[in-house]
Amino acid sequence: MSTGPGDPMTQAPTTRLHAVDRQPDRPPPPPSRPRFEFRPPPSAECIPRPPVLTAAGALWMVAAAALLLAVVLPLVGVGDLWADVTALVTRDFPNESPTTRDRAIAALTVGVVGSGVLLALLEAGAAAAVRSGRSGARILLALLCALTVVHALVMVEVATPLSSALLGTGVALGLVATVLMFLPGTTAWLAQPRRH
């Protein structure tokens, strides 16, 4: 038997060993999954409501209740709003006909009562909106504060002492609440995005 370098018997065992060691090709293992932490971005994190804004909302609610009481009490017997309006119109317009005076009395009474109730409801609704984070309600409340002052000046001419005190209280509380709504920190809270 030949044992030279070209002898197939000497190379056969080596080839068989390579065949045994070699396994069929397998796909590489999948890459490990990245771990995600679901955290809200800093802009979506909930910032607590500023205490001054909470106080402003509460003051507006009390101011709305005071205005509503000031308008409703004369209608339920605390004072006579109709008689007071009649006396005012008769004093300021003595030369007008009775029909014209009656129309003016009715229009002034309905205007004073209706606008007072409407203002009180709008104040309460806007105060609730500010507490929930709607920045536009703050501007609305500032406008309502000015309208409440005008309403109080008109109504104080015919209001009873109790109604006048309630009107003054409502105006004072509205002014304080308006200042509180615009203090530093409230704008940042109102401008933050809301989660729905």
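Our subject is the structure listed above.
Below is a short write-up of the structure. Residues take numbers from 1 onward in each chain, read along the sequence in its written order. Given that the model is predicted, a residue must reach a pLDDT of at least 70 before its local features are reported, and side-chain atom pairs must reach 80 or more before they are shown or counted; all residues, however, enter totals for whole chains, interfaces and linings. Hydrogens and water molecules were not included; the side-chain quantities draw on all heavy atoms of the structure.

### Details of the overall build of the chain
Counting from the N terminus, the helices are DSSP H or I runs at least four residues long and the strands are E runs at least two residues long. Within the chain one finds seven helices and zero strands. Its helices and strands in sequence order give the chain the pattern α-α-α-α-α-α-α, from N to C terminus. Across the 196 residues that make up the chain, the buried fraction comes to 30%. The Shrake-Rupley method, run with a 1.4 Å probe sphere, supplies the accessible areas, and residue values consider only the shown protein chains as cover. Surface accessibility of the chain: about 13,000 Å² in total, with carbon and sulfur atoms responsible for 68%. Partly exposed residues are those whose accessible area sits between 20% and 50% of the maximum for their type, while under 20% is buried and over 50% is exposed, using a 1.4 Å probe and protein chains only.

### Observations concerning the nonpolar core
Only buried residues count toward a nonpolar core. Its members are Ala, Val, Leu, Ile, Met, Phe, Trp, Tyr and Cys residues joined through side-chain atoms within 4.5 Å. Counting 39 residues, the largest nonpolar core has Trp60, Leu141 and Leu167 as the members making the most contacts within it. When contributions to this core are tallied by element, the ones reaching two or more residues are α2 (51–72), α3 (81–92), α4 (98–131), α5 (136–155), α6 (161–181) and α7 (186–191). Counting residues per element, this core draws most heavily on α4, which supplies nine residues. Sequence-distant contacts of tryptophan 60, defined by excluding residues within four places in its chain, comprise Glu123, Ala127, Leu141, Cys145, Gly174, Ala177, Thr178 and Met181. Here, residues are in contact when the closest pair of their heavy atoms is within 4.5 Å.

### Section: a nonpolar patch on the surface
Residues Leu68, Val72, Leu75 and Val76 make up a contiguous nonpolar surface patch of roughly 320 Å² in combined accessible area. Note on placement: valine 76 falls in the loop between α2 and α3. Only residues whose relative accessible area exceeds 30% and that form no salt bridge are eligible for patches; like-charged ones are grouped when within 9 Å, while nonpolar side chains (Val, Leu, Ile, Met, Phe, Trp, Tyr) are grouped when within 5 Å. Every case where a carboxyl oxygen of Asp or Glu lies within 4 Å of a side-chain nitrogen of Lys or Arg is listed as a salt bridge.

### Considerations on the environment of glycine 170
Tracing the backbone through its elements, the reader meets glycine 170 in helix α6. Considering only alpha carbons, one finds glycine 170 and valine 149, 21 residues apart in sequence, at a separation of 9.1 Å. Apart from residues no more than four positions distant in its own chain, glycine 170 is found in contact with Ala63 and Ala66.

### Some details on the packing of α2 against α4
Axis geometry follows a simple rule: fit a line to the C-alpha atoms, using only the stretch in contact for helices, then measure angles between N-to-C directions, giving values from 0 to 180 degrees. Two elements in contact, α2 and α4, have axes whose closest approach is 9 Å; the angle formed by their N-to-C orientations is 165°. On the basis of the axis angle, α2 is roughly antiparallel to α4. Of the two possible hands of crossing, α2 and α4 adopt the one that is left-handed. Only Val112, Val113, Gly116, Val117, Leu119, Ala120, Glu123, Ala124, Ala127, Ala128, Val130 and Arg131 of α4 make contact with α2, whose side of the interface consists of Leu53, Thr54, Gly57, Trp60, Met61, Ala63, Ala64, Leu67, Leu68 and Val71. Each residue gets one label: Ala, Val, Leu, Ile, Met, Phe, Trp, Tyr, Cys and Pro are nonpolar, Asp, Glu, Lys and Arg are charged, and the others, such as Gly, are polar. Taken together, the residues of the contact of α2 with α4 break down into 17 nonpolar, three polar and two charged. Each angle is binned into one of four classes, with values under 35 degrees roughly parallel, values over 145 roughly antiparallel, values of 65 to 115 roughly perpendicular, and all other values oblique. The hand of a helix crossing depends on one turn: near helix anticlockwise from the far one by less than a right angle means left-handed, and clockwise means right-handed.

### Quick notes on the side chain of arginine 138
If you trace the backbone, arginine 138 turns up in helix α5. Contacts of arginine 138, omitting those with residues within four sequence positions, involve Val130, Met181, Phe182, Thr186, Thr187 and Leu190.

### Comments concerning α5
With 20 residues, α5 extends 28 Å between its outermost C-alpha atoms, agreeing within 8% with the 28 Å of an ideal straight helix rising 1.5 Å per residue. Where α5 is buried, its residues touch α2, α4, α6 and α7. To estimate how far a helix should reach, multiply one less than its number of residues by 1.5 Å.

### Description of the side chain of threonine 178
Mapped onto the elements of the fold, threonine 178 is located in helix α6. Exposure remark for threonine 178: the relative accessible area of 15% places this residue in the buried category. For threonine 178, the contacting residues outside a window of four places in its chain are Trp60, Ala142 and Cys145.

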